[in-house]
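Chain and residue survey
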Amino acid sequence: EAGVAQSPRYKIIEKRQSVAFWCNPISGHATLYWYQQILGQGPKLLIQFQNNGVVDDSQLPKDRFSAERLKGVDSTLKIQPAKLEDSAVYLCASSFTQGGYYNEQFFGPGTRLTVL
Amino acid sequence: AQTVTQSQPEMSVQEAETVTLSCTYDTSESDYYLFWYKQPPSRQMILVIRQEAYKQQNATENRFSVNFQKAAKSFSLKISDSQLGDAAMYFCAYRSPSHLTGTASKLTFGTGTRLQVTL
């Protein structure tokens, strides 16, 4: 079974530029998550989708970050314009459904963003 | 809001020895889930072990076991017979059950403990 795919793996941009990340979840997984992992910290949830609907985006900086999952499968996360503090690893995860003790979240390899 | 604290930024263990990683958390909920995740260098984060707060028996997965102390809000991970492949960042995480959060199922992570395994 293929895991969660993310691209690109690495991205370096100048501040005020825009950037987009792509995630392809495990086939059949209805729930998709984007986490931000700043160096030295644990991952923090930015947004959770159930199919193509947003479940939780309370920690998403909506003035510069946007995310979509139009067909309920792939998802893109965009930052526009980027700030220095956006330098982090962006992790995508997916799960078969939401909630539940045995509902495991599977993580992708992440995209490491450096903003100069 | 729930918080998770890992007070050991780095730990080191010799191969074949046992090491314990600490985790404490703060919550007002009586039912919840706790997890330990492993993040090897440049590789995916994977689930190591999970524990439901209502289960008194400590979870065990092969060489990995937990010591869950609900009253103390402590959830430590013990790795027995450590192997070189155990070297990684280990994150403790908390999740509220869906009957409390509705549809949201986010994980709240600690800051991680970097485990080194030496020969």
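Remember, it's a predicted structure, so these values are computed and weren't measured experimentally.

A count of helical and extended segments in chain B gives 1 helix and 12 strands. Taken over the C-alpha trace, chain B has a radius of gyration of 14 Å; the compact-globule value for 119 residues is 14 Å, and the two agree within 12%. Viewed in the frame of its principal axes, chain B has a C-alpha envelope of about 45 × 30 × 25 Å. Per-residue burial for chain B yields a buried fraction of 50% across its 119 residues. In chain B, of all internal contacts separated by at least 6 residues, the share reaching a separation of at least 24 is 57%.

Here the amide bond leading from Ser7 of chain A into Pro8 of chain A is cis, since omega sits at -10°, within 30 degrees of zero. Along the chain, Pro8 of chain A falls in the loop between strand E1 (5–7) and strand E2 (10–13). A positive phi angle is found at Ala16 of chain B, which is not glycine, with a value near 80°. Looking at the element boundaries, Ala16 of chain B is found in the loop between strand E2 (10–14) and strand E3 (19–21). Relative accessible area serves as the criterion here: at 46%, Ala16 of chain B is assigned to the partly exposed category. Its identity is not glycine, yet Ser42 of chain B carries a phi of approximately 60°, on the positive side. In this structure, Ser42 of chain B sits in the loop between strand E5 (33–39) and strand E6 (46–52).

Each value, and the rule that gives it
Residues numbered from 1 in each chain as written. Chains lettered and ligands numbered in written order. Predicted model: local features only at pLDDT ≥ 70, side-chain atom pairs only at ≥ 80, totals over all residues. Heavy atoms only, no water. Helix = DSSP H or I, 4+ residues; strand = E, 2+ residues; numbered from the N terminus. Rg over C-alpha atoms; globule rule 2.2 N^0.38 Å. Buried < 20%, exposed > 50% of the residue type's maximum accessible area, 1.4 Å probe, protein only. Contact = heavy atoms within 4.5 Å.

Purely geometric numbers; function is a separate question.
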